[in-house]
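Chain by chain, the residues run as shown.
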Amino acid sequence: METVRLLWRHRVPDEPRRGRPARMTVDDVVASGIAVADRVGNLSFGMREVAQHSGVPVMTLYSSVTGRDQLLELMIDQCRADMDVTPLSGSWRTRLEMVASDNRTLLEAHPWLAEFESERAILGPGTLTKYERELSSIAGVDLSDLDKDAALCLVIDFVRASVRAIRQVSLERAAESATDWWAREGQLLAKLGIAEEFPLANRIGTATGQAHHAANDPQRAFEFGLAVILDGLQARISPNG
């Protein structure tokens, strides 16, 4: 079962099958995989968990997909096909902000997507539709095609890293508030009397802590980082502007 054939299964006619019909369609297996991954929240799941969710023996899944790696590609492409998108309008900068927002929404809905790393593109309809739409946000800017692709990758990679950071902060704060953490750790640090040894860390860290009641504010970091990226692209597009 070639992965591309399965990715495009709604356009490519099914090959004749021998024996009994599969108990689960590819769509069923993909939907179950997404449900399990969303529940777990990361990539630490296997075919056994998908089978248990579906109420079938694990070998039943292999009549539809060859294994977990292939299933993961199908799941990712399906999530991209189903993602909510904002109609792109306005300047290239506004459109890229929309692209960033849509990707953040997607990754927050499916946190495990932010953990997926691969050099190889997923050549399915969901991924290619997403890529085509997102490229259209900067199609008219004065950059080479290679730089347009690099600019888009830069924005999306930044969003992915930010979502991972925001999620980690959320998990940590669910276990212990930032205020409680600092009350414990900061008290011990103060007893060491090392503020003068690290003047910049002390001054700026204190200002940050007072402003955010935590060591950092991932939401502000996201907004600041995206603005800096777009400012940099603006300077490259209009170096004399």
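Residues numbered from 1 in each chain as written. Predicted model: local features only at pLDDT ≥ 70, side-chain atom pairs only at ≥ 80, totals over all residues. Heavy atoms only, no water.

**Some thoughts on the overall build of the protein chain**
Phase 1 of the analysis: For the protein chain, the helix and strand inventory stands at 11 helices and zero strands.
Phase 2 of the analysis: For the protein chain, the sequential pattern of α-helices and β-strands runs α-α-α-α-α-α-α-α-α-α-α.
Phase 3 of the analysis: Its C-alpha radius of gyration of 23 Å places the protein chain more than 25% over the 18 Å reference for a compact globule of 241 residues.
Phase 4 of the analysis: Split into buried and exposed, the 241 residues of the protein chain put 34% on the buried side.
Phase 5 of the analysis: The contacts of the protein chain with a sequence gap of at least 6 include a subset with a gap of at least 24, amounting to 70%.
Phase 6 of the analysis: Roughly 14900 Å² of accessible area belongs to the protein chain as shown, and the carbon and sulfur atoms make up 54% of that amount.
Phase 7 of the analysis: Considering the protein chain, the positive charge centre built from 27 side chains and the negative charge centre built from 34 side chains are found 4 Å apart. (Helix = DSSP H or I, 4+ residues; strand = E, 2+ residues; numbered from the N terminus. Rg over C-alpha atoms; globule rule 2.2 N^0.38 Å. Buried < 20%, exposed > 50% of the residue type's maximum accessible area, 1.4 Å probe, protein only. Contact = heavy atoms within 4.5 Å. Areas by Shrake-Rupley, 256 points an atom, 1.4 Å probe, with all protein chains shown as cover. Lys, Arg positive; Asp, Glu negative; His and termini not counted. Charge placed at Lys NZ, Arg CZ, Asp CG, Glu CD.)

**Regarding the environment of L72**
Phase 1 of the analysis: Tracing the chain through its elements places L72 in helix α5 (residues 68–82).
Phase 2 of the analysis: Separated by 43 residues in sequence, L72 and V29 have C-alpha atoms that sit 11 Å apart.

**Concerning the state of the cysteines**
Phase 1 of the analysis: Overall, the coordinates contain zero disulfides when judged by the stated rule.
Phase 2 of the analysis: Considering cysteine sulfurs only, C153 is the nearest to C79, which forms no disulfide, with 19 Å between them.
Phase 3 of the analysis: Given a relative accessible area of 4%, C79 falls into the buried group.
Phase 4 of the analysis: With relative accessibility at 36%, the residue C153 sits in the partly exposed group. (Disulfide = S-S within 2.5 Å.)

**Some points on a nonpolar patch on the surface**
Phase 1 of the analysis: On the surface, W181, W182, L189 and L192 cluster together to form a nonpolar patch covering roughly 430 Å² of accessible area.
Phase 2 of the analysis: Within the element layout of this structure, W181 appears in helix α9 (residues 178–192). (Patch = residues over 30% accessible without salt bridge, like charges linked within 9 Å, V, L, I, M, F, W, Y side chains within 5 Å. Salt bridge = Lys/Arg side-chain N within 4 Å of Asp/Glu carboxyl O.)

**With respect to the side chain of R104**
Phase 1 of the analysis: Take R104: it is sitting in helix α6 (residues 92–109).
Phase 2 of the analysis: Contacts of R104, omitting those with residues within four sequence positions, involve V159, V163, I166, Q219 and F222.

**As for the nonpolar core**
Phase 1 of the analysis: With 50 residues, the main nonpolar core has L61, L71, M75, L96 and W112 as its most contacted residues.
Phase 2 of the analysis: For this core, the elements supplying multiple residues, two or more each, are α1 (3–7), α2 (26–40), α3 (47–54), α5, α6, α8 (145–175) and α11 (218–237).
Phase 3 of the analysis: If one sorts the elements of this core by residue count, α8 sits on top with seven residues.
Phase 4 of the analysis: Each residue touching W112, except ones within four places of it in the same chain, is listed here: I34, A37, D38, G41, N42, L43, L72, M75, I76 and C79. (Core = buried A, V, L, I, M, F, W, Y, C linked by side-chain atoms within 4.5 Å.)

**Details of the pattern of salt bridges**
Phase 1 of the analysis: Scanning all chains against the criterion turns up 10 salt bridges.
Phase 2 of the analysis: Taking the shortest distance from any N to any O, the salt bridge between R5 and E2 comes out at 3.5 Å.

**Quick word on the packing of aromatic side chains**
Phase 1 of the analysis: Tallying each qualifying case throughout the model produces one aromatic pair.
Phase 2 of the analysis: Pairing F158 with F222 gives two aromatic rings, centres 5.7 Å apart and planes at 20 degrees, and the pair type is stacked. Placement of the pair is F158 in helix α8 and F222 in helix α11, with a sequence separation of 64 residues. Summarising the burial analysis for this pair, F158 and F222 share the class buried.
Phase 3 of the analysis: Directly above the aromatic system of F45 lies the positively charged group of R68, at a separation of 4.9 Å from the ring centroid. (Phe/Tyr/Trp six-rings, centres within 6.5 Å; stacked < 30°, edge-to-face > 60°. Lys NZ or Arg CZ within 6 Å of the ring centre and 35° of its normal.)

**A word on the packing of α6 against helix α7 (residues 125–136)**
Phase 1 of the analysis: Relative to each other, α6 and α7 sit at 150 degrees, their axes nearing to 9 Å. Judged by the inter-axis angle, α6 sits roughly antiparallel to α7. Contacts from R95, V99, D102, N103 and L106 in α6 reach K130, R133, E134 and S136 in α7. (Axes fitted to C-alpha atoms, helices over the stretch in contact; angles between N-to-C directions. Parallel < 35°, antiparallel > 145°, perpendicular 65-115°, else oblique.)

**Thoughts on the environment of R133**
Phase 1 of the analysis: Along the chain, the position of R133 falls in helix α7.
Phase 2 of the analysis: Of the residues examined, R133 reaches a relative accessible area of 18% and is grouped as buried.
Phase 3 of the analysis: Between the alpha carbons of R133 and V99 there is a distance of 9.0 Å; along the sequence they are 34 residues apart.
Phase 4 of the analysis: The residues contacting R133, other than those within four sequence positions of it, are V85, T86, L88, V99 and D102.

**Some points on α7**
Phase 1 of the analysis: With 12 residues, α7 should cover 16 Å at 1.5 Å per step; its first-to-last C-alpha distance of 16 Å lies within 8% of that length.
Phase 2 of the analysis: Within the span of α7, buried status applies to G126, T127, K130, R133 and E134. Buried residues of α7, viewed axially, fall in a sector of 135 degrees; they line one side. Looking at α7, the residues exposed on the side facing more than 90 degrees away from the buried face are T129 and E132.
Phase 3 of the analysis: Residues of α7 that are buried sit in contact with α5, α6 and α8. (Expected span 1.5 Å × (residues − 1). Arc of directions from axis to C-beta.)

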